[in-house]
Structures are given as structure tokens and as C-alpha cells.
Amino acid sequence: MKYTGLISKTLGALALIALFLYCSSQSGGTGDTGGTQTYTLTLTLEQPTNASGNPLASGKPVYGKLVAGSGTYTDPALYSGYTVFPSGSGTATMTITGITNGTYTGHLMIDINGNADTNNPLPDTGDYGTSSPTITISSNISDTVHAEAWIKI
Ligand SMILES: [Ca+2]
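Scoring rules and cut-offs
Residues numbered from 1 in each chain as written. Predicted model: local features only at pLDDT ≥ 70, side-chain atom pairs only at ≥ 80, totals over all residues. Helix = DSSP H or I, 4+ residues; strand = E, 2+ residues; numbered from the N terminus. Buried ≥ 20, exposed ≤ 12 C-beta atoms within 10 Å, placed from the backbone. Contact = placed C-beta atoms within 7 Å. Pairing = 2+ DSSP bridges. Axes fitted to C-alpha atoms, helices over the stretch in contact; angles between N-to-C directions. Core = buried A, V, L, I, M, F, W, Y, C linked by C-beta atoms within 7 Å.

Side note on the overall build of the protein
Logical step 1: Assigned secondary structure in the protein consists of 1 helix and 9 strands.
Logical step 2: The linear arrangement of helices and strands in the protein, starting from the amino end, is α-β-β-β-β-β-β-β-β-β.
Logical step 3: Going through the 153 residues of the protein one by one, you find that 23% of them count as buried.
Logical step 4: For the protein, the share of sequence-separated contacts (at least 6 apart) that also reach a separation of at least 24 residues comes to 61%.

Below is the structure:
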């Protein structure tokens, strides 16, 4: 048949369009912008504790950020998060959304003395920080920061 080839090409093109539309509709993800896949980092934060196990950050704000590559805590945040520890001994949850595929360094700090600039929060003496892990994001990630991970600055 003369038209068979044309019909199968047309069907093939329609299938490609359908596949494209399907893929476009699958790029969902929180914070998705313009079809670029993004991911969410969810951290459960335990409070630092004293030798008796009492919480040391009750009601205190926590700032987190991801910086490019192996960047330091003074580098600008590509992505940032904020939460507050509850009163008492509870944990806090920090959610950082809209992260694109890549390798970052994560920085966390508890502003114990409440003097951080909320636009560019940096730790000072008496605050708590953590070691700064390399974080490779290629999916949604959930992790826990344990009480022992906090270091007094
Ligand atoms: Ca501070």
C-alpha cells in the first residue's frame, strides 16, 4: 500500500508527541519550575543536649543552606531552609525544596543567641553547627541530624 509508510510515520510522530506530553506532565516535584526536575531534602533535627541529656536548643531557630560544590559556610546559599526547635525536647523538621540535580555542601546552624541576620545567617560564638557534608542530590532525600552531630562554636 502506497500510504502505509506515511500512516506509520504519522503514527510515529503522534506517539513521540504523546511521549513528550507524558514526560512533561511527569516532571512534577515540589518547587518544579519550567519542567526542570527538582528534589526535596528533608532533615529531622535532634537538639544538642547537655551531659544530662537535657535539650540545649529549645525554641531556637535553625538555618540550613546548600552551597555550590565544596563551598564553605560563608558562601551564598543556592537553597536554604529554616525551622525552629519546639519548646522542650522535641525535634524539628527542615525542608529544603526546589533543588536541582547536583553536588552541594550542606551547612546547618542553630542561632542560640538569636543575633543572626535572617537574610544571610552566619554562626557566631555560642551557636551550634555541624560538620559540613557533601550532599549529592539526584532524588528526594530524608535524613536525621543526631544530637551528637552538633558542635558548639
Ligand atoms: Ca548567633
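Let's pick the thread back up.
Some words on the sheet that holds strand β8 (residues 141-145)
Logical step 1: With respect to topology, 3 strands assemble into an open sheet ordered β4-β1-β8, the strand pairing being mixed. Looking along the sheet, the strands with just one partner apiece sit at the ends: β4 (92-100) and β8. Along the sheet, successive strands turn relative to each other by an average axial angle of 20 degrees, direction set aside.
Logical step 2: In this sheet, β4 lies alongside strand β1 (residues 38-45) in antiparallel orientation, the contact comprising 7 bridges. Among the inter-strand pairings, Y39 is bridged to a residue of β4, identified as I99.

Digging into the nonpolar core
Logical step 1: Judged by nonpolar contacts, the single largest core of 23 residues is most densely connected at V62, L66, I99, I110 and Y128.
Logical step 2: Leaving out residues up to four positions away in the same chain, I99 has contacts with T38, Y39, T40, L41, L66, Y79 and I137.

Focus: the environment of T83
Logical step 1: With respect to the secondary-structure elements, T83 resides in strand β3 (residues 79-84).
Logical step 2: By the C-beta count within 10 Å, which is 16 here, T83 ends up partly exposed.
Logical step 3: Sequence separation between T83 and P61 is 22 residues, and the spatial gap between their C-alpha atoms is 5.9 Å.
Logical step 4: Beyond its immediate sequence surroundings of up to four residues, T83 is in contact with L45, V62, A92, T93 and M94.

Remarks on the pairing of strand β5 (residues 102-110)
Logical step 1: Alignment of strand β2 (residues 61-68) against β5, held across 7 bridges, turns out to be antiparallel. Across the sheet, residue A68 finds its bridge partner in β5, namely Y104.
Logical step 2: Taken together, the 2 bridges between β5 and strand β6 (residues 128-129) define a ladder with antiparallel strand orientation. In the sheet register, I110 faces β6, and the bridge partner there is Y128.

With respect to the environment of D124
Logical step 1: Positionally, D124 belongs in the loop between β5 and β6.
Logical step 2: On the basis of neighbour counts, which here come to 12 C-beta atoms within 10 Å, the residue D124 falls in the exposed class.
Logical step 3: Each C-alpha atom, one on D124 and one on N113, is 8.7 Å from the other, the two residues being 11 residues apart in sequence.

Some thoughts on the environment of T72
Logical step 1: As for its placement among the helices and strands, T72 is situated in the loop between β2 and β3.
Logical step 2: Considered as a pair, T72 and H107 are 35 residues apart in the sequence and their alpha carbons are 8.0 Å apart.

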